[in-house]
Amino acid sequence: MIRYALICDNAHEFESWFPTSAGFEEQARRGLVSCPVCGSGKVERAIMAPNVARTDLGPQAPVRAEEPSAPAAPGPLALMGEKEKALREMVAALHRHVRENAEHVGERFAEEALKIHHGETEERAIYGQATPDDARMLHEEGVDFLPLPGLPDSRN
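Residues numbered from 1 in each chain as written. Predicted model: local features only at pLDDT ≥ 70, side-chain atom pairs only at ≥ 80, totals over all residues. Heavy atoms only, no water.

A. Expanded view of the overall build of the chain. Scanning the chain for helices and strands turns up four helices and five strands. In the chain, the share of contacts with a sequence separation of at least 24, taken over all contacts with a separation of at least 6, comes to 46%. Surface summary for the chain: the accessible area is close to 12,600 Å², and the carbon and sulfur share equals 54%. (Helix = DSSP H or I, 4+ residues; strand = E, 2+ residues; numbered from the N terminus. Contact = heavy atoms within 4.5 Å. Areas by Shrake-Rupley, 256 points an atom, 1.4 Å probe, with all protein chains shown as cover.)

Dropping the structure here:
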């Protein structure tokens, strides 16, 4: 594991651990590294002084660090940035729109979609569940449908 001192484009400094140097580069490239203070994804490694033990002085007793007089209170840590919150709200709004404007047919979705497609029942907006095999069959039949992204759980 490698500990890097990092800095965002808003000059917030923080540290993080990565399995390898390439691991940091890959995570940063994919936008997975962000500033815990402001959420900025523009993060790079800060200049670090290496921690190298001197061998020219011989063995020495460890120096005890002074205890801080008052521990600093940790600041809030944003686990989800504004973009993620906005995306969750859009998915929730999409689910509300579908519930308000379409008929829930449950596990009969594939059957009802085929009936609508073949003109055996009136055309209407429907939603429900379909197995992967049902979805494949609907696609092969030329039925237009879209999967809904999962509804975000407010506890996650």
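Now that the structure has been shown, the text picks up again.
B. Representation of the environment of A28 within the structure. In this structure, A28 sits in helix 1 (residues 21–29). For A28, a relative accessible area of 25% gives the class partly exposed. Linking A28 and E44, residues 16 residues apart in sequence, is a C-alpha distance of 8.1 Å. (Buried < 20%, exposed > 50% of the residue type's maximum accessible area, 1.4 Å probe, protein only.)

C. View of the side chain of E112. Tracing the backbone shows E112 in helix 3 (residues 109–117). Judged by its relative accessible area of 7%, E112 is buried.

D. How the structure looks around the packing of aromatic side chains. The final tally for this structure, using the stated rule, is three aromatic pairs. When the centroid spacing of 5.5 Å and the interplanar angle of 65° are considered together, the rings of Y4 and F24 count as edge-to-face. Of this pair, Y4 sits in strand 1 (residues 2–8) while F24 sits in helix 1, and the two are 20 residues apart along the sequence. For the pair Y4 and F24, one class covers both residues: buried. (Phe/Tyr/Trp six-rings, centres within 6.5 Å; stacked < 30°, edge-to-face > 60°.)

E. Focus on the pattern of salt bridges. With the rule as written, the count across this model stands at twelve salt bridges. Where K85 meets E82, a salt bridge forms, and the shortest distance between an N and an O atom there is 3.8 Å. Linking K85 with E82, this pair stays in helix 2 (residues 82–101), spanning three residues, or about one helical turn. Under the relative-accessibility criterion, E82 is labelled exposed at 60%. (Salt bridge = Lys/Arg side-chain N within 4 Å of Asp/Glu carboxyl O.)

F. How the structure looks around the pairing of strand 2 (residues 13–18). Sheet topology note: the strand 1/strand 2 ladder contains six bridges and is antiparallel. Within strand 2, the residue paired with A5 across the bridge is E15. Linking strand 1 back to strand 2 in an antiparallel pair, the connection comprises four residues, with A11 at a positive phi of about 70°. (Pairing = 2+ DSSP bridges.)

G. Highlighting the side chain of H95. Its location among the elements puts H95 in helix 2. Beyond its immediate stretch of four places on either side in the chain, H95 contacts L148, P149, G150 and L151.

H. Structural view of the sheet that holds strand 2. On the basis of which strands lie adjacent, the open sheet formed by three strands has the order 2-1-3 and antiparallel pairing. Of all strands in the sheet, those bounded by a partner on one side alone are strand 2 and strand 3 (43–45). The average angle at which neighbouring strand axes cross in this sheet is 40°, direction not considered. With respect to the sheet, helix 1 is in contact with strand 1, strand 2 and strand 3, its orientation differing from that of strand 3 by roughly 165°. (Axes fitted to C-alpha atoms, helices over the stretch in contact; angles between N-to-C directions.)

I. Just the environment of K42, in detail. In this fold, K42 is placed in the loop between helix 1 and strand 3. Here the alpha-carbon distance between K42 and C8, two residues 34 residues apart in the chain, equals 5.6 Å. When sequence neighbours within four positions are dropped, the list of residues in contact with K42 reads I7, C8 and D9.

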